[in-house]
Amino acid sequence: MVPGDPVPRPRVRMSAAQRREQLVAVGRAVFAERGYEATSIEELAVRAEVSKPVVYEHFGGKEGLYAAVVDREMQQLLGRFTAALSGDGGPRALLERAALVLLDYVEDDTDGFRVLSRDVPDSGTHSSLLGELARRVEHILAGQFTGRGYDPALAGLYSSALVGMVALVGQWWLEHRSPAKEEVAARLVDLAFSGLSRLDPSPTLRTTGSGRA
């Protein structure tokens, strides 16, 4: 060894479970930074300091690793929603908790939110991640609708509207980080609750085809 050369770092031996966890963590960071399509197996292997065959051995390829990252993020976020929407309180309290859950996730797990909200594989395996989240929230919301006398069959429509609204605002807030998270949540809830608090069981459009009231 030439004097002054850096001492090579010894390779860390990991168990299969440890290596899998490491690859998921690396994949989460790279997919968040570059998106699915722009990420290559080569880059994932380099960032994890392993050979490409190691990635294939554990996940079968890039899509398998991406699916593992997405599934973990979905489970974590769904767990937060379940806890928030299953507690006591009226509709406004539930909306406040749901809005803060997602904004907390944007703030605390930014890479995870970027993975869930940006481009997805063309294969259709995860064709709509936010749509899948809305479908899972639908089951929670349906229970709340039943207890409050609304038609639970409409829970899908409202869960899609709420998740979509909060997710898009979350993307905007991720870039701006102002106003404060609590104010963003309060304004979202005010907008949503102003409508939900006077929800018409059988709404009709108030304009004609010509656009006149």
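In the annotation of an unreviewed UniProt entry, the protein chain is listed under the name Transcriptional regulator, TetR family and assigned to Geodermatophilus saharensis.

**Comments concerning empty space enclosed by the protein**
Taken as a whole, this structure holds one cavity of 30 Å³ or more when the rule is applied. The volume enclosed by the largest cavity comes to roughly 30 Å³. Along the walls of the largest cavity sit Leu-77, Leu-102, Phe-113, Leu-116, Leu-130, Leu-133 and Ala-167, which together make up its complete lining. Put simply, the parts of the chain that give the lining of the largest cavity at least two residues each are helix H6 (110–117) and helix H7 (129–147).

**Points about the UniProt feature "DNA-binding region" (unreviewed entry) in the protein chain**
Those residues carrying the UniProt feature "DNA-binding region" (unreviewed entry) are residues 40–59 in this numbering. In residues 40–59, helix accounts for 80% and strand for 0%; the two terminal C-alpha atoms are 14 Å from one another.

**Some points on the side chain of Lys-181**
Relative to the elements of secondary structure, Lys-181 occurs in helix H9 (residues 181–196). We classify Lys-181 as buried; its relative accessible area is 12%. Engagement of the side chain of Lys-181 in a polar contact is seen with the side chain of Asp-104, the distance being 2.6 Å. Within polar-contact distance, the side chain of Lys-181 engages the side chain of Glu-107 at 2.7 Å. Setting aside residues up to four positions removed in sequence, Lys-181 forms contacts with Leu-100, Leu-103, Asp-104, Glu-107 and Trp-173.

**Remarks on the nonpolar core**
With 58 residues, the main nonpolar core has Leu-23, Phe-31, Leu-65, Leu-77, Phe-81 and Leu-102 as its most contacted residues. Among the elements that take part in this core, helix H4 (residues 62–85) stands out by supplying 11 residues, more than any other. Ignoring any residue separated from it by four or fewer positions in sequence, one finds Phe-81 in contact with Ala-98, Val-101, Leu-102, Leu-133, Val-137 and Ile-140.

Cut-offs applied
- Residues numbered from 1 in each chain as written.
- Predicted model: local features only at pLDDT ≥ 70, side-chain atom pairs only at ≥ 80, totals over all residues.
- Heavy atoms only, no water.
- 1 Å grid on protein atoms, 1.4 Å probe; cavity = no way out; pocket = protein on both sides within 12 Å on 5 of 7 lines; lining within 4 Å.
- Points joined across faces, edges and corners; volume = space filled by probe spheres on them.
- Helix = DSSP H or I, 4+ residues; strand = E, 2+ residues; numbered from the N terminus.
- UniProt positions renumbered as here; feature names shortened; annotations may be inferred.
- Buried < 20%, exposed > 50% of the residue type's maximum accessible area, 1.4 Å probe, protein only.
- Polar contact = N/O pair within 3.5 Å; in protein donor to acceptor, adjacent residues only side chain to side chain.
- Contact = heavy atoms within 4.5 Å.
- Core = buried A, V, L, I, M, F, W, Y, C linked by side-chain atoms within 4.5 Å.

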